[in-house]
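The lines below spell out each chain.
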Amino acid sequence: ICEDGLVVGDEVCDDAIGEVVSTKCKTDCSGPESGWECSGGSDSSPSTCNTVCGDGIVVSPEECDDQN
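Residues numbered from 1 in each chain as written. Predicted model: local features only at pLDDT ≥ 70, side-chain atom pairs only at ≥ 80, totals over all residues. Heavy atoms only, no water.

1. Digging into the overall build of the protein
Summing up its helical and strand segments, the protein has zero helices and two strands in all. For the protein, whose C-alpha radius of gyration is 12 Å, the value lies close to the compact-globule estimate of 11 Å for 68 residues. Its C-alpha atoms give the protein principal-axis dimensions of about 35 × 20 × 15 Å. Counting only residues that meet the buried cut, the protein has 29% of its 68 residues in that class. For the protein, long-range pairs separated by at least 24 residues make up 27% of all intrachain contacts whose partners lie at least 6 apart in sequence. (Helix = DSSP H or I, 4+ residues; strand = E, 2+ residues; numbered from the N terminus. Rg over C-alpha atoms; globule rule 2.2 N^0.38 Å. Buried < 20%, exposed > 50% of the residue type's maximum accessible area, 1.4 Å probe, protein only. Contact = heavy atoms within 4.5 Å.)

Right, dumping it as structure tokens:
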């Protein structure tokens, strides 16, 4: 079940946030949204997601990102 916080089966990431605008993993759990990196997660814990600095996409909590 995608968005339940467990990385199971074909899921690449699952952040347990649910279908909201600020989700870090795609709502189908096929990978991270643009501007995010997600790693880890298992059948007992959610993925850990962080913003990607230097990708040119400003994602909170970043205040700027000039691809440099």
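We are not done yet, so read on.
2. Quick notes on the nonpolar core
Cys13, Cys25, Trp36, Cys49 and Val59 together form the largest nonpolar core, which totals five residues. Residues within four places of Trp36 in sequence aside, it is in contact with Thr23, Lys24, Cys49, Asn50, Thr51, Val52, Val59 and Ser60. (Core = buried A, V, L, I, M, F, W, Y, C linked by side-chain atoms within 4.5 Å.)

3. Observations concerning the state of the cysteines
Summed over the entire model, instances satisfying the criterion amount to three disulfides. Paired by a disulfide, Cys2 and Cys29 hold their sulfur atoms 2.0 Å apart. Since a negative S-S torsion denotes a left-handed disulfide, the Cys2-Cys29 link at about 95° is right-handed. Highlighted residues: Cys2 in the segment before strand 1 (36–39) and Cys29 in the segment before strand 1, separated in sequence by 27 residues. With relative accessibility at 25%, the residue Cys2 sits in the partly exposed group. Covalently, Cys13 is tied to Cys25 through a disulfide, its sulfur atoms 2.3 Å apart. Taken together, the residues span a long stretch of sequence, with Cys13 in the segment before strand 1 and Cys25 in the segment before strand 1 at a distance of 12 residues. Just as Cys13 is buried, Cys25 falls in that class too. Looking at the protein, its bonded cysteines, counted consecutively from the start of the sequence, adopt the pairing 1-4, 2-3, 5-6. (Disulfide = S-S within 2.5 Å.)

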